[in-house]
Amino acid sequence: MHNPGLSLCMIIKNEAQHLEKCLMSVQGLVSEIIIADTGSTDGSMEIARRPGARVIEMPWEHDFSKARNRALRLASYAWILVLDADEAIAGWKPEEVERLLETQGADGYFLPFIHYVGEFPEKDYVTDNVCRLFRNDERILFRGSIHEEVASSIWSLPEGHIAYAALPVHHYGYLDGELQRKHKTSRNLELIHSALHLEPRSIHLRYALGTEHYQQGNYNAAAEVLLPLLEEVPADSGYTADLYLKTAYALEAGGRLEEAQAVYEAGSILYADFTDLLESYAGLLLEQGELWRAYDLLQRALDSGNTAHKYPSSSGSGTSRTRLFTGQVCEQLFLYQEALDHYRQALGYTPDDSAAWAQLVPLCLLSGQEEQLTAITLQLLPALPQRVLSRLVPAALNARAAEWLAALSAAPHLPEAIRQVVQVLLGTLFRDPEQPCTASVRLERMLPDEPDEPWISGYLWALSCRSGGSAAAGQWLERLARNRPGIAAVHRWLAQQTAGASAHPAEREPEPHMECEADEPADAAGTDRWRERGPRHAESGNSAIPQRTTEDYADNSAPPSGSSPQLGLSADTPLSFPDISYAAQLLVQAGAWDTLLLLFKPMEASRFHWSRLPQPLLHGLLHAPVPVKKQWCTMYTGQAHFYSSPGDAAEWLLYAAIADSCGLIPRLDPADEQALRQSGGPAAAIGLSYHKLLLAAKVHPQGIPVVSGSIPWLLLVRSALQAAP
C-alpha cells in the first residue's frame, strides 16, 4: 500500500538524542518530511537528512507558532502531521490513517498524547488530546508564542470540525532528565511572561502560566493565577476541565481546603465522568474523614472507566489506579471482600503492579484466603517479572503458605538459583517440618555456587538455631554478617539468652542437636544473581527471602514511631528493629520457634511492636505449634502495656489472634480495656466486642450463638496499623 498523502512538519534545535527515533516511527506513514531547524549545533540536521527530509534553517525568534507556521507553508500534501523530536508514534496503520484522511466531515483530529513523567520512560504518564493532524489549509495556523495550538483556527472556520482519532503519540519531553537538560521550566516562564506583557488578559497565556507554576509544585502561585480564570474561561474550551482539576488541587495543596472543595464540587457537576477530578476529590474527602462520600466518588470514576479520550488524564485513572484507591477506602470501611476484588481487578489491568500486590497479598493471607491468592497468582504467573517475584516469594515464605509458594516456584521469570532454594525449603520444611537436617545438608551443598549470597547462609544460621542453638549457629554468622552486619547483634543477644531460656520454656521438648547425614545430591544452583530490575524501585532482590522493603507485605525500614532506633539493654549489644525483623523472618521460615521466643525477651512492650513485622509473617506465626503460641501469649501478658494509639491496639489484637488460634480467651484488665476503647480506633472497638462475646460464651456456652461473618483478628490488626499515625 502506498503512503497516505501526509506531510510531517517539525521544528528542531539540538535534538540529536531523539530525532532518529521520531523519524523512524513515521516510516511508511508520511509522504514527505519538512524540518525547520532554529540553530542546531549537534548534528541534528545531518540526522534529519538521512531519511530524505527537507531541512530549512531559520533564526529563533522566541515564538513557537511563527516557526511552526513557516514549516506548514512548505507542505505539499493535503494533510499535515506535526510532531516534536522528543515524540514518536506507535501502532499507526497506514490504511487506518488513509481512511481518516479521506473523511469529508473533519478538518482535523485530536490525537491522544501520552506524556511520560518522572525518572523512567514507559512507566507513569499523563495524557491529553491535542490537534496535531489537520488539513493543509492556509487558514489553519498555530496561535500563541508558547503552548501554541491550532484548534482555535480550525474552529473559526465556517463549520470547522475537529474529530477524535485513536492514534497515540508518545512524548518523552516531560521526563525529569529532559526537563533538566533543556531547562524547559525557565525557558517557558520567560516566553510566557514576554507574551503576557503584550497580551496581559489572554486566558490561554494565563492558563499556561498557572500550569507552569503547578508543574513546578508552586501551588500557591498556581492557585492565584488559575482561580480567577474559572469565571472567564468558556465552558466548551478544550482545557476547562483540566483548569478545574489543577485549580482545586493547587488550592488543596496550599491549605485552602474549603475553596478546594467548592471547586471540586463544581467541577464534578460539570464533568461528571472526569475520573482524575473525581479521584482527586475523593482524596480530599478521605483526608476529612468522609469515607462514604469518597467511596461514592470512586464508584462514579470506576463506572466511567478510562475517559482519556475526553479529558486530560494520568496513568491508571478510572482503571487500575482507581481500583487500588477504592480498595484502600473499602478496607477503611471494613469492606474487606470488596477491597480484595478491587485489588484483583487492578492486577487484571497491570499484573506487574507492585503496589496492588502489596495490598492484595496481606489481605488474602490475613483473611485466610490463601487458596484464592494462589489462584490469582497462577492466572498472572507468566506476566510476573523478577521485581515482583522478589517480593512475592519472601511473602509466601514468611506466611509459610506452602501452596502459594509452590505456585510461585513455577514462575518462568524466577531465577533458577532461587527456585532451587525455594524447592528445598518447600519440600523439607513446610511439607515435612521434621526434616531440618535434610534442608541444612542440601542448602550447604549450594554454597560453593553462591559464595557471596546471603540467603543460603541465612537459612543455615536459622536452621542451626533450631537444631543446636545459637552456639551451633555461630559457624554461619560470619558469612551472613557480611551482607547483614546487624545480625551479629541479634546473635549476641540470643547467645546471652540461651543460658536463661529454661526460665520460660515452651511446653514441649526442644529439638536436640543432631548430626545430619547427607541425602541424595541436590541440583547445582545457578550463578545468576537475582537483582531488582524495576524501573521505579531501587530495592535489592538478591536476598531471597527476608524482606527489607517498605510495602505492606514487607519489612519496615524503621522502628515504629515513638520507639528508639536502638533496642536493647546495653550499648554494647544494640538491637535495631530492621535486624530483629530480619532474624524473625529467618526463624519463622525455618521453624526455629524456641529461638524466636528468645527474641521476645529484650523487647519492652512500649518500645517494640511485633505487629509491625511484615504482615505475612503474622500469618506465619499462627503456624507455630500450639505450645509455642501459648508461651508467646504468657510472655505477652507478663509485660506491662500502654495502650494510647491504634498502633498499641494492633499489638493487643495480634495477641488476641494468637490466643484465639490456640483455644485461649485473650486477657484484658478493665484499665487496659478502657484505654483501648478510648484510643484504639474502630478496629480495636470491633475486637473488644468480639472479646465480650468470647467471655459471654465461656460463661453461657449454650446461650451464645456462634458469630457468623466476623472479621478475622489479623485483619483487625491490619486495620489498626493502617489507622496508626
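Whatever comes next refers back to the structure up there.
Quantities reported herein were computed from a predicted structural model and do not represent experimental measurements. (Residues numbered from 1 in each chain as written. Predicted model: local features only at pLDDT ≥ 70, side-chain atom pairs only at ≥ 80, totals over all residues. Heavy atoms only, no water.)

Caption draft 1: Highlighting the overall build of the chain. Scanning the chain from terminus to terminus reveals 31 helices and 10 strands. Every one of the 725 residues in the chain was classed for burial, and the buried ones make up 56%. For the chain, long-range pairs separated by at least 24 residues make up 68% of all intrachain contacts whose partners lie at least 6 apart in sequence. With the model as given, the accessible surface of the chain reaches about 30,600 Å², and the carbon-plus-sulfur share is 51%. (Helix = DSSP H or I, 4+ residues; strand = E, 2+ residues; numbered from the N terminus. Buried < 20%, exposed > 50% of the residue type's maximum accessible area, 1.4 Å probe, protein only. Contact = heavy atoms within 4.5 Å. Areas by Shrake-Rupley, 256 points an atom, 1.4 Å probe, with all protein chains shown as cover.)

Caption draft 2: Broad picture of the side chain of Ser40. As for its placement among the helices and strands, Ser40 is situated in the loop between strand E2 (32-37) and helix H2 (44-49). The exposure class of Ser40 is buried, given its relative accessible area of 13%. A distance of 2.7 Å separates a polar atom in the side chain of Ser40 from the backbone nitrogen of Asn14. At 2.5 Å, the side chain of Ser40 and the side chain of Asp37 are in polar contact. (Polar contact = N/O pair within 3.5 Å; in protein donor to acceptor, adjacent residues only side chain to side chain.)

Caption draft 3: Spatial organisation of empty space enclosed by the protein. For the structure on display, the rule yields three cavities of 30 Å³ or more. Space inside the largest cavity adds up to approximately 70 Å³. In terms of lining residues, the largest cavity is bounded by Trp593, Leu596, Leu597, Leu621, Ala624, Val628, Lys629, Trp632 and Ile658. Among the secondary structure elements, those contributing two or more residues to the lining of the largest cavity are helix H25 (593-600) and helix H27 (626-637). Among the residues making up the lining of the largest cavity, the classes are represented as eight nonpolar, no polar and one charged. (1 Å grid on protein atoms, 1.4 Å probe; cavity = no way out; pocket = protein on both sides within 12 Å on 5 of 7 lines; lining within 4 Å. Points joined across faces, edges and corners; volume = space filled by probe spheres on them. Nonpolar A, V, L, I, M, F, W, Y, C, P; charged D, E, K, R; others polar.)

Caption draft 4: How the structure looks around unusual backbone geometry. Phi angles above zero are rare outside glycine, and Phe334 is one such case at about 65°. Of note, Phe334 is situated in the loop between helix H14 (320-332) and helix H15 (336-349). Phe334 gets classed as partly exposed once you look at its relative accessible area, which sits at 23%.

Caption draft 5: Highlighting the side chain of Asn69. Residue position: Asn69 is located in helix H3 (residues 64-72). Among all residues touching Asn69, those that are not within four sequence positions of it are Leu141 and Phe142.

Caption draft 6: Spotlight on the nonpolar core. Core analysis: the biggest nonpolar cluster contains 158 residues, and Trp357, Trp404, Leu443, Trp461, Trp610, Trp632 and Trp652 have the highest contact counts within it. The biggest single contributor to this core is helix H22 (residues 454-481), with 13 residues. Ranked by size, the runner-up nonpolar core spans 34 residues in total, among them Met10, Ala48, Phe113 and Val169. (Core = buried A, V, L, I, M, F, W, Y, C linked by side-chain atoms within 4.5 Å.)

Caption draft 7: Looking closely at the environment of Ser354. Of note, Ser354 is situated in helix H16 (residues 354-366). By relative accessible area, Ser354 is classed as buried at 5%. For the pair Ser354 and Arg387, spaced 33 residues apart in sequence, the C-alpha separation works out to 8.3 Å.

Caption draft 8: Molecular detail of the environment of Ile580. Inspection of the secondary structure assignment puts Ile580 in helix H24 (residues 577-590). Residues Ile580 and His491, spaced 89 residues apart in sequence, show a C-alpha to C-alpha distance of 9.8 Å.

Caption draft 9: Structural context of the pairing of strand E1 (residues 6-12). With seven of seven residues buried, E1 is to be regarded as a mostly interior element. Here E1 shows no split at all, with Leu6, Leu8, Met10 and Ile12 on one side and Ser7, Cys9 and Ile11 on the other all buried. As defined by bridge partners, E1 adjoins strand E4 (residues 79-82) across four bridges and the pair is classed as parallel. Bridge pairing links Ser7 to Ile80 in E4. Considered for its hand, the β-α-β crossover made up of E1, helix H1 (residues 19-25) and E2 is right-handed. (Pairing = 2+ DSSP bridges. Right-handed = clockwise from strand over helix to strand, strands pointing away.)

Caption draft 10: Region of the structure containing helix H10 (residues 240-253). A rise of 1.5 Å per residue sets the reference length of H10, with its 14 residues, at 20 Å; its end C-alpha atoms lie 20 Å apart and thus fit the reference within 8%. Among the 14 residues that make up H10, 12 are buried, leaving the element largely enclosed by the rest of the structure. Of all the positions in H10, only Thr240, Ala241, Asp242, Leu243, Tyr244, Leu245, Lys246, Thr247, Ala248, Ala250, Leu251 and Glu252 are classed as buried. The elements touched by buried residues of H10 are helix H8 (203-215), helix H9 (219-226), helix H11 (257-270) and helix H12 (275-287). The positive-phi residue at the C-terminal boundary of H10 is Gly255, with phi of around 85°. (Expected span 1.5 Å × (residues − 1).)

Caption draft 11: Focus on H14. Compared with the 18 Å implied by 1.5 Å per residue over 13 residues, the 19 Å span of H14 between its first and last C-alpha is a close match. In terms of burial, H14 is a largely internal element, 10 of the 13 residues being buried. Inspection of H14 places Ser320, Thr322, Arg323, Leu324, Phe325, Thr326, Gly327, Val329, Cys330 and Glu331 among the buried residues, and these make up the whole buried set. The inward-facing, buried residues of H14 contact H12, helix H13 (291-304), H15, H16 and helix H31 (713-723). Positioned one or two residues after H14, Phe334 has a phi angle of 65°, which is positive.

Caption draft 12: Here's a closer look at the packing of aromatic side chains. Enumeration over the complete set of coordinates arrives at 21 aromatic pairs. Ring geometry for Tyr116 versus Tyr172: centroids 5.3 Å apart, planes at 20°, classification stacked. Here the residue Tyr116 occupies a position in strand E6 (residues 108-116), and Tyr172 occupies one in the loop between strand E9 (169-171) and helix H6 (176-182), the gap between them amounting to 56 residues. Geometrically, the ring pair formed by Tyr214 and Tyr249 is edge-to-face, given 6.2 Å between the ring centres and 70° between the ring planes. Taken together, the residues span a long stretch of sequence, with Tyr214 in helix H8 and Tyr249 in helix H10 at a distance of 35 residues. Tyr249 sits in the partly exposed class, given a relative accessible area of 32%. Seen from the ring of Phe142, Arg68 lies directly overhead, with NZ or CZ sitting 5.6 Å from the centre. (Phe/Tyr/Trp six-rings, centres within 6.5 Å; stacked < 30°, edge-to-face > 60°. Lys NZ or Arg CZ within 6 Å of the ring centre and 35° of its normal.)

Caption draft 13: Geometry of the state of the cysteines. Here the structure, examined in full by the defined rule, presents zero disulfides. You can see Cys662 has no disulfide; the closest cysteine sulfur is in Cys633, sitting 4.8 Å from it. (Disulfide = S-S within 2.5 Å.)

Caption draft 14: Region of the structure containing the pattern of salt bridges. Under the criterion given, the structure shown has 24 salt bridges. Here Glu416 and Arg419 are joined by a salt bridge, their closest N and O atoms 3.1 Å apart. Here Glu416 and its partner Arg419 are both found in helix H20 (residues 416-430), three residues apart, which amounts to about one turn of the helix. Overall, the relative accessible area of 13% leaves Arg419 in the buried class. Bridged by salt links that share partners, the residues Arg68, Asp84, Glu87, Arg132 and Glu148 form one connected network. (Salt bridge = Lys/Arg side-chain N within 4 Å of Asp/Glu carboxyl O.)

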